[in-house]
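# Analysis of the macromolecular model
Here's the letter readout for the chains.
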Amino acid sequence: MRIITRRGWEIAESQVTPESVALNRRAVLGGTAALLAAAPGLVHAAANPKFEAGRPLTDEKYATTYNNYYEFDESKNMWRSAQKMKTSPWTVEIAGLVKQPRKIAYEDLLKQVSIEERIYRHRCVEAWAMTVPWTGFAMSDLLKIAEPLGSAKFIAFETAQEKSMGNLALPLYPWPYVDGLAIDEAANELAFMPTGMYGKALPPQNGGPIRMIAPWKYGFKQVKSIVKITFMEKRPRCFWEEINGREYGFWANVNPDVPHPRWSQARERLLGSDEMVPTKIYNGYGDFVASLYSGRKSEKLFM
Ligand code: MTE
């Protein structure tokens, strides 16, 4: 595990975070659980004009207690029931069109990647948003480990089916939760695999121990608690697309000018303050990702 420096689109955590918190985070980056356990509670800085996201970090208590995780239940406060989820030991299976399909223990995976911190805006299709300091590794690191074959064009991420997940008994939903990316999206520098947030291990309600994030897409694309990553030639079957393909598509890039069939996407509510702010195309990350779609204009890119 190696800690690397930030690139242009990232903001230094020290710019938005008091020193004590930053020290806490370093403990996580180094995997020093004991240090973390001994650390005082985290207090987050208020809005900082230097913050590149143009908005303050969402307070940890909102980001970790207002969640979408349908395997547990459909309410936003499923975080309590998620505490029963067993996230260790954890194994991630690499399957499909790769040089060598295999299972990797979570700890072994972490040894092969560079852990870094990124502060990203998150935009749910339901028109709420948060800004979160994640720790994790670039999805491009995962691609290097997986060694996909030339025929692999898409990647499917699959969530665990764990016994604490009460809703799995409901045949109403097409479990397991699966969603995916095109391989060039996965290789984009913004695509990220969080293993922590707010300087701590990723809590189960937010997708611990490992999830994925493509911050220019609606939140339903950001698969939680990943146990299997499959490389394929065709687009994967996606959970929400299967439930309602008229409302939830494969690409699901954020766009304020393309309304959801039942509500506007022009604005978003910030968790915590409940302030309503304008939504930006590609969630404000267009400079980094818009070129991915120049050859895909005939697709439904924004739903
Ligand atoms: N992953 C799984 N396995 N199950 C889910 O219900 N919900 C998605 C996404 N990933 C979901 C999921 C949706 S709709 C959103 S907005 C985000 O997770 C929410 O992430 P958060 O709870 O960390 O804010």
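Keep in mind that this is a model prediction, so the values were computed, not measured.

### Topic: the overall build of the protein chain
Across its full length, the protein chain holds nine helices and 12 strands. Taking all 303 residues of the protein chain together, the buried fraction comes to 54%. Of all intrachain contacts in the protein chain linking residues separated by at least 6 positions in sequence, the fraction that spans at least 24 positions is 70%. Carbon and sulfur atoms make up 55% of the accessible area of the protein chain, which totals about 13200 Å².

### Examining the packing of aromatic side chains
On inspection of all chains with the given rule, the structure shows 18 aromatic pairs. Taking 5.8 Å as the distance between ring centres and 70° as the angle between the ring planes, the aromatic pair formed by Y120 and Y285 counts as edge-to-face. Placement of Y120 in strand β4 (residues 114-123) and of Y285 in the loop between β12 (276-278) and α9 (286-289) is noted, with a sequence separation of 165 residues between them. Taking relative accessible area as the criterion, Y120 reaches 2% and is therefore assigned buried. Centre to centre, the rings of F239 and W240 are 5.3 Å apart; their planes meet at 90°, and the pair counts as edge-to-face. What makes F239 buried here is its relative accessible area of 0%. Taken together, Y70, Y173, W175, Y177, F220, F239, W240 and Y248 form an aromatic cluster joined through their ring pairs. The aromatic ring of Y285 is capped on one face by R121, whose charged end is 4.4 Å from the ring centroid.

### Re the confidence of the model for the protein chain
Overall, the predicted model of the protein chain reaches an average pLDDT of 87, with 83% of residues at or above 70. Of all secondary-structure elements in the protein chain, the lowest mean pLDDT belongs to helix α2 (residues 33-38), at 31, while strand β10 (residues 226-232) reaches the highest, 99. Here residues 11-51 is a poorly scored stretch, pLDDT under 50, and it has 63 contacts once near neighbours within four places are set aside; other chains count.

### Overview of the sheet that holds β10
The strand order across the open sheet built from five strands is β3-β2-β10-β6-β7, with neighbouring strands paired in mixed fashion. Looking at which strands have only one partner, the edges of the open sheet turn out to be β3 (102-105) and β7 (178-182). Each strand axis lies, on average, 20° off the axis of its neighbour in the sheet, ignoring direction. As judged from the four bridges shared by strand β2 (residues 91-96) and β3, these two strands associate in the antiparallel manner. Counted as the bridge partner of I94 is R102 from β3.

### With respect to the site of the ligand
Inspection of the region around the ligand gives 18 residues, with Y70, T159, R211, Q222 and K224 positioned closest. In the environment of the ligand, an oxygen atom lies 2.9 Å from a nitrogen or oxygen atom belonging to the side chain of N67. At a separation of 2.8 Å, an oxygen atom of the ligand approaches a polar side-chain atom of R211. The fraction of the free accessible surface of the ligand (530 Å²) that becomes covered by protein chains is 99%. Residue classes in the shell around the ligand are distributed as seven nonpolar, eight polar and three charged.

### Focus on the pairing of β2
Count of turn residues in the β2/β3 antiparallel hairpin: five residues. Pairing analysis gives four bridges linking β2 to β10, with the strands arranged parallel. Bridging across to β10, E93 finds its partner in K228.

### Thoughts on unusual backbone geometry
Of note, the bond from S88 into P89 is cis; its omega dihedral lies within 30 degrees of zero at 0°. Locating P89 in the fold gives a position in the loop between α4 (79-82) and β2. Geometrically, the link from W175 to P176 is a cis peptide bond, its omega value of 0° lying close to zero. Position of P176 among the secondary structure elements: in the loop between β6 (154-159) and β7. In this model, E147 sits at a positive phi of 50°, which is unusual for a non-glycine residue. Tracing the sequence through the fold places E147 in the loop between α6 (139-146) and β6.

### Some details on the environment of S264
With respect to the secondary-structure elements, S264 resides in the loop between α8 (239-243) and β11 (267-270). Separated by 137 residues in sequence, S264 and A127 have C-alpha atoms that sit 8.2 Å apart.

### As for the side chain of E60
Tracing the chain through its elements places E60 in helix α3 (residues 60-63). Residue E60 is classed as buried on the basis of its relative accessible area of 15%. Of note is the side chain of E60, whose polar atom sits 2.9 Å from the side chain of K200.

Analysis parameters
Residues numbered from 1 in each chain as written. Predicted model: local features only at pLDDT ≥ 70, side-chain atom pairs only at ≥ 80, totals over all residues. Heavy atoms only, no water. Helix = DSSP H or I, 4+ residues; strand = E, 2+ residues; numbered from the N terminus. Buried < 20%, exposed > 50% of the residue type's maximum accessible area, 1.4 Å probe, protein only. Contact = heavy atoms within 4.5 Å. Areas by Shrake-Rupley, 256 points an atom, 1.4 Å probe, with all protein chains shown as cover. Phe/Tyr/Trp six-rings, centres within 6.5 Å; stacked < 30°, edge-to-face > 60°. Lys NZ or Arg CZ within 6 Å of the ring centre and 35° of its normal. pLDDT = per-residue confidence, 0-100. Pairing = 2+ DSSP bridges. Axes fitted to C-alpha atoms, helices over the stretch in contact; angles between N-to-C directions. Near = heavy atom within 4 Å. Polar contact = N/O pair within 3.5 Å; in protein donor to acceptor, adjacent residues only side chain to side chain. Nonpolar A, V, L, I, M, F, W, Y, C, P; charged D, E, K, R; others polar.

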